[in-house]
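Here is what each chain is made of, one letter per residue.
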There are 2 protein chains.
Amino acid sequence: MTENDIFKALADPTRRSIFEKLAGGRMNASALREGMEISQPAMSQHLSVLRTAGLLRKERKGRFVNYEVDPEGLALIAGWLGKYRAYWPERIGALKILLKDMDQ
Amino acid sequence: MTENDIFKALADPTRRSIFEKLAGGRMNASALREGMEISQPAMSQHLSVLRTAGLLRKERKGRFVNYEVDPEGLALIAGWLGKYRAYWPERIGALKILLKDMDQ
DNA sequence: CATTCACATAAGTGCATGCTTATATTTAAT
DNA sequence: ATTAAATATAAGCATGCACTTATGTGAATG
């Protein structure tokens, strides 16, 4: 779970799609594949990369495995972004919210 | 200047180092190379990737070319991070500590 | 207990990517 | 004008990476 793992994991558009899907709530690997035109092994490999990076957690549930967003990874990105705070544009709402939360 | 360009650009540790150096202020390509053990063409190529991604701006100054952080790219990352705001809060405390440590 | 289902792992393949050396380009200095 | 300095581009190469097919593992169901 390093900065490098995270950025490499997110460098792939398919993995970002998977991550985005999971932002909607926990889901198993088969459900994730629906409407994604991706093979089962490919999905499994992508999930492994995202998990190793600290962006996802997994939890076995019988013969299914549920995946969910792991805030640890997001915190690391936020930390990285925080280093460049001096350059954050004023107009960015999301950042303003982040900034506000961090200042408390 | 797409989300994909940005994440791919940041997936390389050398490029992240270059970007971090530039966070300290504008600098030309030769100055950036100092203490980095990287060839001139490699640096030029990295700068090109970062610029295409929208993470850097360039400005010719005589026979030097100064590079500086472009907030546009950071805004895009912030926008991406913003989509997962629902998962931020629990970790904001740790993030605050992280940022505090980095300020020293 | 045998089969089926959900998922993981192994091994191989083609393309992307970061490097190299060589050369071009642009501006400054002599 | 010539030369030198700063940077960019070209072409080739080696490694990484996302995919494939095939097979393994672990759990439910009949």
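Structure shown above.
Fair warning: this is a prediction, and the values are worked out from it, not measured in the lab.

Conventions we followed
Residues numbered from 1 in each chain as written. Chains lettered and ligands numbered in written order. Predicted model: local features only at pLDDT ≥ 70, side-chain atom pairs only at ≥ 80, totals over all residues. Heavy atoms only, no water. Near = heavy atom within 4 Å. Polar contact = N/O pair within 3.5 Å; in protein donor to acceptor, adjacent residues only side chain to side chain. Helix = DSSP H or I, 4+ residues; strand = E, 2+ residues; numbered from the N terminus. Pairing = 2+ DSSP bridges. Contact = heavy atoms within 4.5 Å. Axes fitted to C-alpha atoms, helices over the stretch in contact; angles between N-to-C directions. Buried < 20%, exposed > 50% of the residue type's maximum accessible area, 1.4 Å probe, protein only.

Chemist: Help me understand the protein's contact with DNA strand C in this model?
Modeler: Every one of the 23 residues lining DNA strand C counts as a neighbour, but Ser30, Gln40 and Tyr67 of chain A together with Ser39 and His46 of chain B are closest to it. Protein-proximal atoms of DNA strand C, defined as those within 4 Å of the protein, fall in sugar or phosphate at a share of 64%. Interatomic distance of 3.2 Å between a backbone N/O atom of Val65 of chain A and a phosphate oxygen of DNA strand C. Between Lys8 of chain B and DNA strand C, the recorded distance is 3.5 Å, taken from a side-chain N or O atom to a phosphate oxygen. Among the elements of the structure, α3 (29-33), α4 (40-52) and β3 (64-69) of chain A together with α2 (13-23) and α4 (40-52) of chain B are those that each provide at least two residues to the surface near DNA strand C. Ranked by residue count, the leading element in the surface near DNA strand C is α4 of chain A, at 4 residues.

Chemist: What should I look at first to understand the sheet that holds strand β1 (residues 27-28) of chain A in this one?
Modeler: Across a sheet, strands are paired by hydrogen bonds formed along the backbone, either parallel or antiparallel in direction. Residue and element names in this part refer to chain A. An order of β1-β3-β2 is seen for the 3 strands of this open sheet, with the pairing classed as antiparallel. Pairing within the sheet leaves two strands with one partner each, and these edge strands are β1 and β2 (56-61). Strand direction decides the pairing type here: β1 and β3, joined by 2 bridges, are antiparallel. Of the residues in β3, the one forming a bridge with Asn28 is Asn66. Sitting on the sheet, α4 is in contact with β2 and β3, with an inclination near 120° to β2.

Chemist: Would you explain the environment of Asp70 of chain A in this entry?
Modeler: All names here are of chain A. Position of Asp70 relative to the elements: it lies in the loop between β3 and α5 (71-82). Classification of Asp70 by relative accessible area gives buried; the value is 7%. For the pair formed by Asp70 and Leu56, sequence separation is 14 residues and the distance between their alpha carbons is 4.5 Å. Ignoring any residue separated from it by four or fewer positions in sequence, one finds Asp70 in contact with Gly54, Leu55, Leu56 and Arg57. Within the local environment of Asp70, its side chain forms a polar contact with the backbone nitrogen of Glu72, the two atoms lying 2.9 Å apart.

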